[in-house]
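Results of the structural survey
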Amino acid sequence: QVQLVESGGGLVQAGDSLRLSCAASGLTFSTYGMGWFRQAPGKEREFVAGISWTGGNTYYADSVKGRFTCSRDNAKNTVYLQMSSLKPEDTAVYYCATRRWDPIATLIRDLGPDYWGQGTQVTVSS
């Protein structure tokens, strides 16, 4: 079965950087678009970033555009989220996700994923 395992979360100060990783198994990773979502306390889960199967297309929420970068290494079955200039409002549980038949990753963004990781906590102090 599809498994997505996030790592790299932690406690940082405002302005710091952090890189999240998501290791995927149980799927032909190089053919799947991938996405990152987050959920802050008391808020709904929201789309953060997406990346197509080749890495040639990336998408970002307006709130993170210019600060976050999504990339992937198909040889390692891993997708990354590099987060820079972190703000307290970036505090959330971050989830890796994917969807069947969505190599471009637009359906992940517009309709939501089929598969989720367990999440990793990111806390940004002011």
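Parameters and conventions
- Residues numbered from 1 in each chain as written.
- Predicted model: local features only at pLDDT ≥ 70, side-chain atom pairs only at ≥ 80, totals over all residues.
- Heavy atoms only, no water.
- Helix = DSSP H or I, 4+ residues; strand = E, 2+ residues; numbered from the N terminus.
- Rg over C-alpha atoms; globule rule 2.2 N^0.38 Å.
- Buried < 20%, exposed > 50% of the residue type's maximum accessible area, 1.4 Å probe, protein only.
- Contact = heavy atoms within 4.5 Å.
- Areas by Shrake-Rupley, 256 points an atom, 1.4 Å probe, with all protein chains shown as cover.
- Lys, Arg positive; Asp, Glu negative; His and termini not counted.
- Charge placed at Lys NZ, Arg CZ, Asp CG, Glu CD.
- Salt bridge = Lys/Arg side-chain N within 4 Å of Asp/Glu carboxyl O.
- Polar contact = N/O pair within 3.5 Å; in protein donor to acceptor, adjacent residues only side chain to side chain.
- Disulfide = S-S within 2.5 Å.
- Phe/Tyr/Trp six-rings, centres within 6.5 Å; stacked < 30°, edge-to-face > 60°.
- 1 Å grid on protein atoms, 1.4 Å probe; cavity = no way out; pocket = protein on both sides within 12 Å on 5 of 7 lines; lining within 4 Å.
- Points joined across faces, edges and corners; volume = space filled by probe spheres on them.
- Nonpolar A, V, L, I, M, F, W, Y, C, P; charged D, E, K, R; others polar.
- Pairing = 2+ DSSP bridges.
- Axes fitted to C-alpha atoms, helices over the stretch in contact; angles between N-to-C directions.

1. Observations regarding the overall build of the protein
Scanning the protein for helices and strands turns up 1 helix and 11 strands. Along the protein, from the amino end to the carboxyl end, the secondary structure elements read β-β-β-β-β-β-β-β-β-α-β-β. For a compact globule of 126 residues, the expected C-alpha radius of gyration is about 14 Å, and the protein comes in at 13 Å, within 12% of that figure. The principal-axis extent of the C-alpha atoms belonging to the protein is close to 40 × 25 × 25 Å. Of all 126 residues assigned to the protein, the portion counted as buried reaches 46%. Within the protein, residue pairs in contact and separated by at least 24 positions form 58% of the contacts whose partners lie at least 6 positions apart. Accessible area of the protein: about 6300 Å², with a carbon and sulfur share of 47%. Once the 12 positive and 11 negative side-chain charges of the protein are each reduced to a mean point, those two points are 2 Å apart.

2. Topic: the side chain of arginine 72
On the secondary structure map, arginine 72 appears in strand E7 (residues 68–73). In this structure arginine 72 is buried but unpaired, with aspartate 73 as the nearest side chain of opposite charge at 8.3 Å. At 2.8 Å, the side chain of arginine 72 and the backbone oxygen of phenylalanine 29 are in polar contact. Here the side chain of arginine 72 touches asparagine 74 through a polar contact of 2.7 Å, side chain to side chain.

3. Overview of the state of the cysteines
According to the stated counting rule, one finds 1 disulfide in the structure shown. The disulfide partner of cysteine 22 is cysteine 96, and the gap between their sulfur atoms is 2.1 Å. Disulfide cysteine 22-cysteine 96: the torsion about the S-S bond is -75 degrees, which places it as left-handed. Pair noted here: cysteine 22 is in strand E3 (residues 18–25) and cysteine 96 is in strand E9 (residues 92–98), with a separation of 74 residues, a long-range link. Exposure remark for cysteine 22: the relative accessible area of 0% places this residue in the buried category. For cysteine 70, which is in no disulfide, the shortest distance to another cysteine sulfur is to cysteine 96 and amounts to 8.5 Å. We classify cysteine 70 as buried; its relative accessible area is 4%.

4. Here's the deal with the packing of aromatic side chains
Counting across every chain of the model gives 3 aromatic pairs. Summarising the aromatic geometry, the rings of phenylalanine 37 and phenylalanine 47 are spaced 5.6 Å apart at their centres and angled 80 degrees between planes, so their arrangement reads as edge-to-face. Placement of phenylalanine 37 in strand E4 (residues 34–39) and of phenylalanine 47 in strand E5 (residues 46–51) is noted, with a sequence separation of 10 residues between them. Residue classification places phenylalanine 47 among the buried positions, given a relative accessible area of 14%.

5. Describing the layout of surface pockets
Think of a ball as big as a water molecule: rolled over the atoms, this probe shows where empty space is left. Estimated volume of the largest pocket: approximately 160 Å³. Arg38, Gln39, Ala40, Lys43, Glu44, Glu46, Ser63, Pro88, Glu89, Asp90, Thr91 and Ala92 together form the lining of the largest pocket. Here the residues of the lining of the largest pocket are counted per class, giving 3 nonpolar, 3 polar and 6 charged.

6. Comments concerning the sheet that holds strand E1 (residues 3–7)
Hydrogen bonds between backbone groups are what pair the strands of a sheet, and the pairing can be parallel or antiparallel. Sheet architecture is open: 4 strands sit in the order E1-E3-E8-E7, paired in antiparallel fashion. If you trace the sheet from one side to the other, it starts and ends with E1 and E7, each paired once. Sheet twist, expressed as the average angle between the axes of neighbouring strands with direction ignored, equals 15 degrees.

So far we have only geometry, and geometry alone does not tell us how the molecule works.
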